[in-house]
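Residues per chain, in single letters:
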Amino acid sequence: MRFLGVPAVIFSLGAPAFSKLFNSITDLPSKDYDFIIVGGGTAGSVLANRLSEDPQTKVLVVEAGIDNANVQDIIVPFLGPGAFESAADWNFTATPQRGMFNRTFTLPRGYVLGGSSSINFMTWNRGSDDVWDNFARLSGDPGWSWESVEKYNRKVSRLTPPQDGHNTTGQVIPAAHGNGEVLTSLPGFPSELDPIVTDIAKSLGKYNQDLNAGDMIGFGFVQNAIGNGERSSAATAYLVPALERPNLDVVINSRATKVFASQPYGDEEPVIDTVQVAQSVNGSRFNITASREVILSAGVFGTPQLLLLSGIGPKDELSELDIPIVLDSPDVGKHLADHPLLAIYYEVNSNSSFDPVLRSESTMIPPLLEQWESNRTGLLVVPVGGNTAAFLKNPPDLFSGQDPSSGPRSGNIEMIFCNGFEPLGPTPFPPTGRFLTVLTAVVSPTSRGTVTLRSANPFDDPVLDPELYTTDFDIQTMVQAMKTVDEFVHEPRWNGYIKQPFVQFEDDQDRENYARNNSITVNHSVGTARMGPGDVADGVVDPSLRVKGVKGLRVVDASVFPQIPENHPQAVAYIVAERAFDLIKSQQ
Ligand SMILES: Cc1cc2nc3c(=O)[nH]c(=O)nc-3n(C[C@H](O)[C@H](O)[C@H](O)COP(=O)(O)OP(=O)(O)OC[C@H]3O[C@@H](n4cnc5c(N)ncnc54)[C@H](O)[C@@H]3O)c2cc1C
């Protein structure tokens, strides 16, 4: 998935910018670490920073991907999609989806320091209070409730002024925000859609002054992980600043291929203390042992893959591939949840949509880039997504009494209003015309998929099957969402702006077919090593994120979420990692 001809513009992948960043495991100055973190992504970067705050604690991060420094498509918000299908992306593909007429689509994931926070769309949602209270309910640990994690939210992010310096009164509630590491901001380049969407929302009594203040229902301004006109990722906010510490080492281009116990364990629980690392499929294998803990932060696909390669997973699956069973843990790779996304297009009367920019990138982007370089202003300071969004409930008569969301402050659907044609899905970019795109997502899906091994070779991609639209609830909720969007754009405030729908639907069956034929995902996968109370039948990790049935091994990333949040999940991953640090400290 790429926007029309946006060049990858990766202009420096050479020597790491910091001396504490190594290109090979053989370059490491030490083999003596207290903690080894697998994955220098979103959650891994948080832990690397926090654990190395204590100068006595020696920390190693093993990252499969590349350095994040100087990659223009990562840094400049509007160019973000150029990082998809680039050297910074794992380039995964979903299996043919039975709920989508057996179509497949790409599943990007960050293969780079900062992980997916370095390549994502930057939308910032800390989740409704209900998301967290539900985490507490499902895990049996009140420490995950909103009341308990609020302090971590404040440690994670800091609201900064938008780049265009506009007055943000009424667009955000500053008191709901903290003073943390990731820089967030309201959109720093206006869109003609902003007043239309917010005027209608206000007239309907559905305007939400801050989607990050606990109740996510309603229409409001999007906040992004952007500060000073640049992407703020886990790498820039947490990892790179910590690299100056002598007790933190980071090795890139190095893939963990399994974790194991270096000591015989007989009938006892194995103590997983060693990470095997390789740089290529036939390259040498190196073992590094942690004296305190091994932490898997390899993400929703990488973490279950590594657990399975290590013999921790459903025993039948492991036996089929002749992988020696260390622990029968049936939930590994199960409960994969994601938000299906459908782009709905309207032809519009506009002089300011970004369509011409995407159509003529070679001539339009360079002057915009010059402006961005000179003073960090202009179109390139915003992501290609929209400035305004809404999270809404299904109408009460649709699946009456059945609301799988976390609670009353979480939605079933999301809409994002984009000022141009967003080529997210199979529809080709039209050669002429101006467009409104409403990106529509089912944010409380009930379909669940799997991550399984293709083979016992750690360099083979895992089999990723999100099973989108395999429940009636999910597909009918999307059909309803399409009707809700259409009602919204028929509000009189749009008169003269909307010309016509890009696609006309005859009835709900037509809408359903269109959704199955054209949806992709928002790339919000979670849950493949979920936390839960009780034994391994009830989740891979305990509420303190320790892998059940073994010792010394923890998982800290989006794979531990016990339920998919009804929002963009990166902030949730950061908050989970901040709490994980406190849990680790208190349990040493
Ligand atoms: C294209 C895209 C758009 C998105 N848009 C948004 C958005 O706008 N807002 C939002 O909130 N969320 C968004 N998300 C989701 C969000 O980015 C992720 O949920 C979050 O970053 C996940 O964090 P993580 O720590 O679980 O994993 P990641 O950040 O993906 O980190 C995993 C790290 O582990 C490394 N790794 C994996 N396997 C190994 C191995 N075997 N050995 C060594 N290293 C390994 C990876 O290279 C990676 O660096 C998006 C995601 C994508 C991919």
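Every value quoted in this text rests on a predicted model; they were computed, and no experiment measured them.

The rules behind these values
Residues numbered from 1 in each chain as written. Predicted model: local features only at pLDDT ≥ 70, side-chain atom pairs only at ≥ 80, totals over all residues. Heavy atoms only, no water. Near = heavy atom within 4 Å. Polar contact = N/O pair within 3.5 Å; in protein donor to acceptor, adjacent residues only side chain to side chain. Nonpolar A, V, L, I, M, F, W, Y, C, P; charged D, E, K, R; others polar. Salt bridge = Lys/Arg side-chain N within 4 Å of Asp/Glu carboxyl O. Helix = DSSP H or I, 4+ residues; strand = E, 2+ residues; numbered from the N terminus. Buried < 20%, exposed > 50% of the residue type's maximum accessible area, 1.4 Å probe, protein only. UniProt positions renumbered as here; feature names shortened; annotations may be inferred. Contact = heavy atoms within 4.5 Å. Pairing = 2+ DSSP bridges. Right-handed = clockwise from strand over helix to strand, strands pointing away. Phe/Tyr/Trp six-rings, centres within 6.5 Å; stacked < 30°, edge-to-face > 60°. Core = buried A, V, L, I, M, F, W, Y, C linked by side-chain atoms within 4.5 Å. pLDDT = per-residue confidence, 0-100. Axes fitted to C-alpha atoms, helices over the stretch in contact; angles between N-to-C directions. Parallel < 35°, antiparallel > 145°, perpendicular 65-115°, else oblique.

**Q** Residue-level account of the site of the ligand, with values.
**A** Near the ligand lie 37 residues; those nearest to it are Thr42, Glu63, Ser116, Thr123 and Gln570. Within the contact set of the ligand, a nitrogen atom lies 3.1 Å away from a backbone nitrogen or oxygen of Phe121. Contacts to the ligand include Met122, whose backbone N or O atom sits 3.1 Å from an oxygen atom. When its residues are assigned to classes, the shell around the ligand shows 15 nonpolar, 18 polar and four charged.

**Q** Lay out the pattern of salt bridges with the relevant residues and their values.
**A** Taken as a whole and judged by the stated rule, the model has 24 salt bridges. For the salt bridge of Arg579 with Asp141, the shortest nitrogen-to-oxygen distance reads 3.1 Å. Residue Arg579 is found in helix 13 (residues 570–587), and its partner Asp141 is found in the loop between helix 3 (129–139) and helix 4 (146–156); the two are separated by 438 residues along the sequence. Shared partners join several salt bridges into a network, and the residues in it are Arg50, Glu53, Lys155, Glu181 and Glu578.

**Q** Before we move on, could you go through helix 1 (residues 42–51) and cite the residues and values that matter?
**A** Judged by how many residues are buried, helix 1 sits mostly within the fold: ten of ten residues are covered. Turning to helix 1, its buried residues are Thr42, Ala43, Gly44, Ser45, Val46, Leu47, Ala48, Asn49, Arg50 and Leu51.

**Q** Provide a residue-level description of the UniProt feature "domain: Glucose-methanol-choline oxidoreductase C-terminal" (unreviewed entry) in the protein chain, including the pertinent values.
**A** UniProt's feature table lists "domain: Glucose-methanol-choline oxidoreductase C-terminal" (unreviewed entry) at residues 445–577, given in the numbering used throughout. Split by type, residues 445–577 is 28% helix and 11% strand. Its first and last C-alpha atoms lie 24 Å apart.

**Q** Can you explain the side chain of Thr440? Please cite residues and give values.
**A** In this fold, Thr440 is placed in strand 20 (residues 435–442). Engagement of the side chain of Thr440 in a polar contact is seen with the backbone oxygen of Val438, the distance being 3.2 Å. If we ignore the near neighbours within four places in the chain, the residues touching Thr440 are Pro340, Leu341, Leu342, Ile344, Glu414, Met478, Ala481 and Val485.

**Q** Got a sec to walk through the pairing of strand 2 (residues 33–38)? Specific residues and values, please.
**A** Counting buried residues in strand 2 gives six out of six residues, a clear majority hidden from the surface. As judged from the five bridges shared by strand 2 and strand 14 (residues 286–296), these two strands associate in the parallel manner. Among the inter-strand pairings, Phe35 is bridged to a residue of strand 14, identified as Glu293. As paired elements, strand 2 and strand 3 (residues 59–62) share four bridges and run parallel to each other. Paired with Ile37 across the bridge in strand 3 is Val61. At this point the chain moves from strand 2, through helix 1, to the parallel strand 3, and the crossover so formed is right-handed.

**Q** Quick rundown of the pairing of strand 20? Include the residues and the values.
**A** Within strand 20, eight of the eight residues are buried, which leaves it mostly tucked inside the rest of the structure. Alternating positions in strand 20 separate into two faces, Phe435, Thr437, Leu439 and Ala441 on one and Leu436, Val438, Thr440 and Val442 on the other, with burial throughout. In this structure, strand 17 (residues 340–348) lies alongside strand 20, joined through seven bridges in antiparallel fashion. The residue bridging Tyr345 from the neighbouring strand is Thr437, located in strand 20. Looking at chain direction, strand 19 (residues 413–418) and strand 20 are connected through six bridges and run antiparallel. Of the residues in strand 20, the one forming a bridge with Ile413 is Val442.

**Q** With reference to specific residues and values, describe the packing of aromatic side chains.
**A** For the coordinates displayed, the defined rule picks out 22 aromatic pairs. The interplanar angle of 80° and the centroid separation of 5.2 Å between the aromatic rings of Phe421 and Phe435 together place this pair among those described as edge-to-face. Note that Phe421 is positioned in the loop between strand 19 and strand 20 and Phe435 in strand 20, a separation of 14 residues in sequence. On the basis of relative accessibility, which here comes to 0%, the residue Phe421 falls in the buried class.

**Q** I'd love a proper account of helix 5 (residues 193–203), names of residues and values included.
**A** Inspection of helix 5 places Leu193, Asp194, Ile196, Val197, Thr198, Ile200 and Ala201 among the buried residues, and these make up the whole buried set. Elements in contact with the buried residues of helix 5: strand 8 (218–221), strand 18 (388–392), strand 19, strand 20 and helix 11 (472–489). One or two positions beyond helix 5, positive phi appears at Gly205, with a value near 70°.

**Q** Would you mind going over the nonpolar core in detail, with residue names and values included?
**A** Formed by 90 residues in total, the largest nonpolar core has its most connected members in Trp132, Trp144 and Leu553. With eleven residues, helix 13 is the single largest residue contributor to this core. If we ignore the near neighbours within four places in the chain, the residues touching Trp144 are Trp132, Phe135, Ala136, Ser139, Val149, Met531, Pro543, Leu545, Val576, Arg579 and Leu583. Judged by nonpolar contacts, the second largest core, of 73 residues, contains Ala94, Val381, Val382 and Met478.

**Q** Any chance you could break down the environment of Ala261 for me, citing the residues and the numbers?
**A** By the secondary structure assignment, Ala261 is in the loop between strand 12 (255–260) and strand 13 (274–278). The class of Ala261 is buried, set by a relative accessible area of 17%. Considering only alpha carbons, one finds Ala261 and Val550, 289 residues apart in sequence, at a separation of 9.4 Å. Look past the residues within four positions of Ala261 in its chain and what remains in contact with it is Pro270, Val271, Ile272 and Asp273.

**Q** Help me get a handle on the environment of Arg493, residues and values and all.
**A** Along the polypeptide, Arg493 turns up in the loop between helix 11 and strand 23 (498–501). Not counting residues up to four positions away in its chain, the partners in contact with Arg493 are Pro195, Ile196, Asp199 and Ile200. Engagement of the side chain of Arg493 in a polar contact is seen with the side chain of Asp199, the distance being 2.9 Å.

**Q** Provide a residue-level description of the confidence of the model for the protein chain, including the pertinent values.
**A** For the protein chain, the average pLDDT comes to 96, and 97% of its residues sit at 70 or higher. Mean pLDDT values for the elements of the protein chain range from 94 in helix 9 (residues 355–359) up to 99 in helix 7 (residues 299–309). Note that pLDDT drops below 50 for residues 1–18; the model gives that stretch 50 contacts with residues more than four away or on any other chain. Scored as a complex, the prediction yields pTM 0.97 and ipTM 1.00.

**Q** Describe the packing of helix 11 against helix 12 (residues 508–518), and please don't skip the residues or the numbers.
**A** Axis separation between helix 11 and helix 12 bottoms out at 9 Å; the angle between their running directions is 110°. With respect to their mutual orientation, helix 11 and helix 12 come out roughly perpendicular. In contact with Ile475, Gln476, Met478, Val479, Met482 and Lys483 of helix 11, helix 12 contributes Asp508, Arg511, Glu512, Tyr514, Ala515 and Arg516. When its residues are assigned to classes, the contact of helix 11 with helix 12 shows six nonpolar, one polar and five charged.

**Q** So what about the environment of Lys585? Which residues, and what values?
**A** Structurally, Lys585 can be placed in helix 13. The exposed category is assigned to Lys585, whose relative accessible area is 52%. Each C-alpha atom of the pair Lys585 and Arg50 lies 10.0 Å from the other, and the pair is 535 residues apart in sequence.

**Q** Outline the side chain of Asn419, listing residues and values.
**A** Its location among the elements puts Asn419 in the loop between strand 19 and strand 20. Polar side-chain contacts of Asn419 include one of 3.4 Å to the backbone oxygen of Ser352. Once residues within four sequence positions are removed from consideration, Asn419 is found in contact with Ser191, Glu192, Leu193, Ser352, Ser353, Phe354, Phe435 and Tyr497.

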